[in-house]
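Descriptive analysis of the structure
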Amino acid sequence: MDRQPLLETSTEKQSTAGRCGKCLQVLRRQLLIVCLVLALVLGASVGAALRSLDPPLSSRQIIYLRFPGDLLMNMLSFLIVPLIASSLVSGLASLDTQSSGKIGLRAVVYYLMTTLAAVVLGIILCVSIQPGTRGGEPEVTPEDDVTVVNTADTFLDLIRQCFPDNIVEMCFRKTVTEQVLRPNGTNVSMTTVQNDTGGETVPSVYDPVPVKTDGVNVLGLVVFSILLGVVTGHLGDRGRPILIAAQAVCDATMCLVQLVIWYSPVGILCLIAAKLVEIEDLARTFQQLSFYFLTVTAGLLVHAGATLPLIYLAVVRKNPYRYLLGVLEPLVTALATSSSSATMPVTMRCLEVNNHVDPRVVKFVIPVGATVNMDGTALYEAVAAIFIGQMRGFHMDIGRIVTISITATAAAIGAAGVPQAGLVTMVIVLSAVGFPVDDVALILAVDWLLDRIRTAVNVLGDAFGAGIVHHLSKAELRILDQQNIALPEDDVIITVEHEPRESTSLLQDDELKNKYSATKCHDKKFVDVNTFISTKL
């Protein structure tokens, strides 16, 4: 009589324990994402609390507060060069020339399509909302420093950086053209700004001078790595040592990335808190630029939440939001670091582990996408240019809108994956349509926050691109697998070119056994070394 209640109680306890166990497993798997989100919330809270101190924090104290965040940025930055080079070389070398060409073409088409879609969306929203005619006009102080940029020289710099003169120097220095003021000079370039009344304002005369500046030449590194990877794959067996070395470097770098990521919540908390403390008048800044901020943010959210998922759904025919959940970690990292290049290691790891994208595709699409695929930056530049034109009373005709579309798309491709690089390319867009380039200073007050949001959109665009290219390239990848071309995370399977020998002599050949003992088979069916050798022969 009393056994039935006891059994029911025991079953309920087991069910409760099972549910708790599942919850703990889910929490353990998502612990890093939970820590990153908490770091964002706590960073904003700490920053808001520190703003209320009287007297406010000094510049030295702000540097101390930001120090753990600076360490995080340094850690992520020093991993960029080995990760880009090794991932591109190993990824492309494991593909044949035809397959790598098709994957590259699909990636480029996706980059251009999504970037142009982002620009068109930004223009539609800006023309509809008219943010330049609303709100107060931002103040520009004389101390605001605006870089003088010439459009032609900037595009020449992009081409020049693709082919650096020193492969070692490109890891820490790149060539850019500076506009040096010449009080009295001839045969020099000058920029003419034309206003709507027909008058011309001729600024100071500048002479273009190519100089070396500090910073990783990402374009040159990508071009060199792509060429080396394609040539290594074309060499066949002679290129296998390069492939194995590149794969070893890539694996070691990803292990370092894993260590850095677990430190990232601490750095993110300090970065957010320090940035909020640095702003002098937060309420007034957002009041003056509220409609501009809302227009850019709305465009970025629509592009990230609707445009990119719809493209993924149309091509892959799978739930795009489930795919998006797998890359939440790099999105949070992008919001904190404001650098798509620094977020690249996290993106690659999440795509391979969470979304199961082929590593060969990830190692090609993500490094290239972090350099040239800037959907959020393109949308921001289009909106900012039209906003400045509206605020200054310029007539936005169809010619200027088309010019903004083309120039913003091209400039976004050339924007480096570092914080606030879009401000420099923003000057290119303004110069192309004849707007005063000094007005870039008008939007500096909120650019620090918009830069983080558009960086997250850039990272999301790269992630969706990897999934789409992976889906479209399944046929080529399947053929490569059938030809025993190993995945990059495995050691290369060595093919025996001589005639088969007798089984007894084969199994007694210690040199051959040792040769194969360091290899792995992709389909995981071979466990015993002798069986593996016999089957391959």
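Residues numbered from 1 in each chain as written. Predicted model: local features only at pLDDT ≥ 70, side-chain atom pairs only at ≥ 80, totals over all residues. Heavy atoms only, no water.

Going by an unreviewed UniProt entry, the protein chain carries the name Amino acid transporter and comes from Mya arenaria. UniProt lists a comment for the protein chain under the heading Sequence similarities (unreviewed entry), and it reads "Belongs to the dicarboxylate/amino acid:cation symporter (DAACS) (TC 2.A.23) family." Per its UniProt entry, the protein chain bears the Subcellular location (unreviewed entry) comment "Membrane". (UniProt positions renumbered as here; feature names shortened; annotations may be inferred.)

**Points about the UniProt feature "transmembrane region" (unreviewed entry) in the protein chain**
Here the UniProt feature "transmembrane region" (unreviewed entry) sits at residues 31–51, 71–95, 107–130, 216–235, 256–277, 289–315, 398–418 and 424–450. Taken end to end, residues 107–130 is 96% helix and 0% strand, and its two terminal C-alpha atoms sit 34 Å from one another. Taken end to end, residues 216–235 comprises 90% helix and 0% strand; its first and last C-alpha atoms sit 29 Å apart. (Helix = DSSP H or I, 4+ residues; strand = E, 2+ residues; numbered from the N terminus.)

**Points about the packing of helix H4 (residues 80–93) against helix H8 (residues 240–278)**
Helix-helix packing is described using two parameters, namely the angle between the two axes and the distance between the axes. Two elements in contact, H4 and H8, have axes whose closest approach is 8 Å; the angle formed by their N-to-C orientations is 135 degrees. The angle between H4 and H8 falls in the class oblique. The two elements H4 and H8 cross, and the hand of that crossing is left-handed. Listed contacts from H8 to Pro82, Leu83, Ser86, Ser87, Val89, Ser90 and Ala93 of H4 are Ile242, Leu243, Ala246, Gln247, Val249, Cys250, Thr253 and Met254. (Axes fitted to C-alpha atoms, helices over the stretch in contact; angles between N-to-C directions. Parallel < 35°, antiparallel > 145°, perpendicular 65-115°, else oblique. Left-handed = near helix turned anticlockwise from the far one by under 90°. Contact = heavy atoms within 4.5 Å.)

**Overview of the side chain of Thr297**
By the secondary structure assignment, Thr297 is in helix H10 (residues 290–316). Here Thr297 falls in the buried class, since its relative accessible area comes to 13%. A distance of 2.7 Å separates a polar atom in the side chain of Thr297 from the backbone oxygen of Phe293. With residues up to four places along the chain from it excluded, the contact list for Thr297 reads Leu450 and Ile453. (Buried < 20%, exposed > 50% of the residue type's maximum accessible area, 1.4 Å probe, protein only. Polar contact = N/O pair within 3.5 Å; in protein donor to acceptor, adjacent residues only side chain to side chain.)

**Some words on H4**
For H4, which comprises 14 residues, the first-to-last C-alpha distance of 20 Å matches the rise-based estimate of 20 Å (1.5 Å per residue) to within 8%. What H4 keeps buried is the set Ile80, Val81, Leu83, Ile84, Ser86, Ser87, Leu88, Val89, Ser90, Gly91, Leu92 and Ala93. (Expected span 1.5 Å × (residues − 1).)

**Here's the deal with the side chain of Glu329**
Along the chain, Glu329 turns up in helix H12 (residues 328–337). The class of Glu329 is buried, set by a relative accessible area of 7%. Beyond its immediate sequence surroundings of up to four residues, Glu329 is in contact with Leu32, Ile33, Leu36, Ile261, Val346, Arg349 and Cys350.

**Concerning the packing of aromatic side chains**
Counted under the stated rule, the structure contains 5 aromatic pairs. When the ring of Tyr292 is compared with that of Phe387, the centres are 4.7 Å apart and the planes differ by 35 degrees; the resulting orientation is tilted. Of this pair, Tyr292 sits in helix H10 while Phe387 sits in helix H15 (residues 375–391), placing them 95 residues apart in sequence. The same class applies to Tyr292 and to Phe387, which are both buried. Measuring from ring centre to ring centre gives 4.8 Å for Tyr312 and Tyr323, while their planes differ by 35 degrees; the resulting arrangement is tilted. Of this pair, Tyr312 sits in helix H10 while Tyr323 sits in helix H11 (residues 320–325), and the two are 11 residues apart along the sequence. (Phe/Tyr/Trp six-rings, centres within 6.5 Å; stacked < 30°, edge-to-face > 60°.)

**Points about the pattern of salt bridges**
One pass over the structure, following the stated rule, counts 13 salt bridges. A salt bridge links Asp165 to Lys212, with the shortest nitrogen-to-oxygen separation between them at 3.4 Å. Placement of Asp165 in the loop between helix H6 (151–162) and strand E1 (173–181) and of Lys212 in strand E4 (residues 206–214) is noted, with a sequence separation of 47 residues between them. Take Lys212: its relative accessible area is 39%, and that puts it in the partly exposed class. The partner of Glu169 in a salt bridge is Lys212, with the nearest N and O atoms 3.2 Å apart. Highlighted residues: Glu169 in the loop between H6 and E1 and Lys212 in strand E4, separated in sequence by 43 residues. A relative accessible area of 16% places Glu169 in the buried class. (Salt bridge = Lys/Arg side-chain N within 4 Å of Asp/Glu carboxyl O.)

**Structural notes on the nonpolar core**
Of all hydrophobic cores here, the largest spans 92 residues; its most connected members are Tyr292 and Leu351. Here the element with the most residues in this core is helix H18 (residues 444–472); it accounts for 12 residues. With residues up to four places along the chain from it excluded, the contact list for Tyr292 reads Pro131, Tyr380, Val383, Ala384, Phe387, Ile443, Val446 and Leu450. Core analysis: the next-biggest nonpolar cluster, separate from the first, contains 19 residues, Ile272, Val332, Cys350 and Trp448 among them. (Core = buried A, V, L, I, M, F, W, Y, C linked by side-chain atoms within 4.5 Å.)

**Quick look at unusual backbone geometry**
Between Asp54 and the following residue, Pro55, the backbone shows a cis peptide bond with an omega angle of 5 degrees. Mapped onto the elements of the fold, Pro55 is located in the loop between helix H2 (31–51) and helix H3 (59–78).

**As for the confidence of the model for the protein chain**
Per-residue pLDDT for the protein chain has a mean of 75; in total, 71% of the residues score no lower than 70. Ranking the helices and strands of the protein chain by mean pLDDT puts H11 first, with 94, and helix H20 (residues 503–507) last, with 36. Below a pLDDT of 50 lies the segment residues 139–146, which in the model reaches 8 contacts outside its immediate sequence neighbourhood of four places, other chains included. Scored below 50 in pLDDT, residues 185–189 shows 8 contacts in the model against residues more than four places distant or in partner chains. (pLDDT = per-residue confidence, 0-100.)

**Quick look at the packing of H3 against H4**
Relative orientation of the contacting elements H3 and H4 amounts to 30 degrees, with a least axis distance of 4 Å. It follows that H3 is roughly parallel to H4 by the angle criterion. Where H3 abuts H4, its residues Leu76, Ser77 and Phe78 lie against Ile80, Val81 and Pro82. Within the contact of H3 with H4, the residues separate by chemical class into 5 nonpolar, 1 polar and no charged. (Nonpolar A, V, L, I, M, F, W, Y, C, P; charged D, E, K, R; others polar.)

**Section: H12**
Each α-helix winds once per 3.6 residues, and so residues spaced three or four apart point in a common direction. By the criterion of burial, H12 is predominantly enclosed, with 8 of the 10 residues buried. Taken residue by residue, H12 has Glu329, Pro330, Leu331, Val332, Thr333, Ala334, Ala336 and Thr337 as its buried positions. Immediately downstream of H12, the backbone of Ser338 shows phi near 60 degrees, a positive value.

**Notes on a nonpolar patch on the surface**
Residues Ile167, Val168, Phe172 and Phe224 make up a contiguous nonpolar surface patch of roughly 370 Å² in combined accessible area. With respect to the helices, strands and loops of the structure, Phe224 is situated in helix H7 (residues 218–235). For Phe224, a relative accessible area of 34% corresponds to the partly exposed category. (Patch = residues over 30% accessible without salt bridge, like charges linked within 9 Å, V, L, I, M, F, W, Y side chains within 5 Å. Areas by Shrake-Rupley, 256 points an atom, 1.4 Å probe, with all protein chains shown as cover.)

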